[in-house]
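Next come the chains, spelled out residue by residue.
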Amino acid sequence: QVQLVESGGGLVQAGGSLRLSCAVSGRSLSTMSMGWFRQAPGQVREFVAAISWVLGSTYYGDSVKGRFTISRDNAKNMVNLQMNSLTPEDAAAYYCAAAPLRDLRRVSDSQYWGQGTQVTVSS
């Protein structure tokens, strides 16, 4: 069974940075596209970033381009999300997602989800 465990969430001030991590077990990271989604209270789950299983190409939601960076370490079975220049609009529960052997852009693409980690941004 594939398991995803996020960590790194917390409280930061606007303009600050935070690094989220997702530890993956149960399947080789190289066989899955990995991504991050976020969901604020009362809002839909939103695509944040993804990294392709084939070539490692990265993709970002429009609202985070230029500020967030997704990366992976296949040997360590870990995916990271570096978040810079955070704003209150970035506050949400962030979820790690995995899509075996396919691209990941939408909530429906993901087969596995982590439990989420909360990011709070003060203004």
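All figures in this text were calculated on a predicted structure; none of them were measured in a lab.

## Details of the environment of L4
Note that L4 resides in strand β1 (residues 3-7). Given a relative accessible area of 6%, L4 falls into the buried group. Once the C-alpha coordinates of L4 and V54 are considered, the two residues, 50 residues apart in sequence, prove to be 20 Å apart. Setting aside residues no more than four positions away along its own chain, L4 makes contact with C22, A23, V24, M34, C96, A97, A98, Y112, W113, G114 and Q115.

## Details of the packing of aromatic side chains
In total, this model carries two aromatic pairs according to the counting rule given. Relative to F47, the ring of F37 has its centre 5.6 Å away and its plane inclined at 70°; by these criteria the two rings are edge-to-face. Placement of the pair is F37 in strand β4 (residues 32-39) and F47 in strand β5 (residues 46-51), with a sequence separation of ten residues. Across the pair, F47 and F37 agree in class, each one buried. Centre to centre, the rings of F37 and W113 are 5.2 Å apart; their planes meet at 65°, and the pair counts as edge-to-face. With a gap of 76 residues between them, F37 in strand β4 and W113 in strand β10 (residues 112-113) connect regions that are remote in the sequence.

## Let's talk about the state of the cysteines
Note on terminology: disulfide describes a covalent bond linking the sulfur atoms of two cysteines. Inspection of every chain in the model, using the stated rule, returns one disulfide. A sulfur-sulfur distance of 2.1 Å marks the disulfide that ties C22 to C96. Linking C22 and C96, the disulfide has an S-S dihedral of approximately -85° and is accordingly described as left-handed. With C22 in strand β3 (residues 18-25) and C96 in strand β9 (residues 92-100), this residue pair connects regions lying 74 residues apart in the sequence. No difference in accessibility class separates C22 from C96, as the two residues are buried.

## Section: the nonpolar core
General note: in soluble globular proteins, nonpolar side chains tend to be found buried as a group. Formed by 29 residues in total, the largest nonpolar core has its most connected members in L4, M34, W36, L81, M83 and Y94. Where this core is concerned, the elements lending two or more residues are β3, β4, β5, β7 (68-73), β8 (78-83), β9 and β11 (117-122).

The rules behind these values
Residues numbered from 1 in each chain as written. Predicted model: local features only at pLDDT ≥ 70, side-chain atom pairs only at ≥ 80, totals over all residues. Heavy atoms only, no water. Helix = DSSP H or I, 4+ residues; strand = E, 2+ residues; numbered from the N terminus. Buried < 20%, exposed > 50% of the residue type's maximum accessible area, 1.4 Å probe, protein only. Contact = heavy atoms within 4.5 Å. Phe/Tyr/Trp six-rings, centres within 6.5 Å; stacked < 30°, edge-to-face > 60°. Disulfide = S-S within 2.5 Å. Core = buried A, V, L, I, M, F, W, Y, C linked by side-chain atoms within 4.5 Å.

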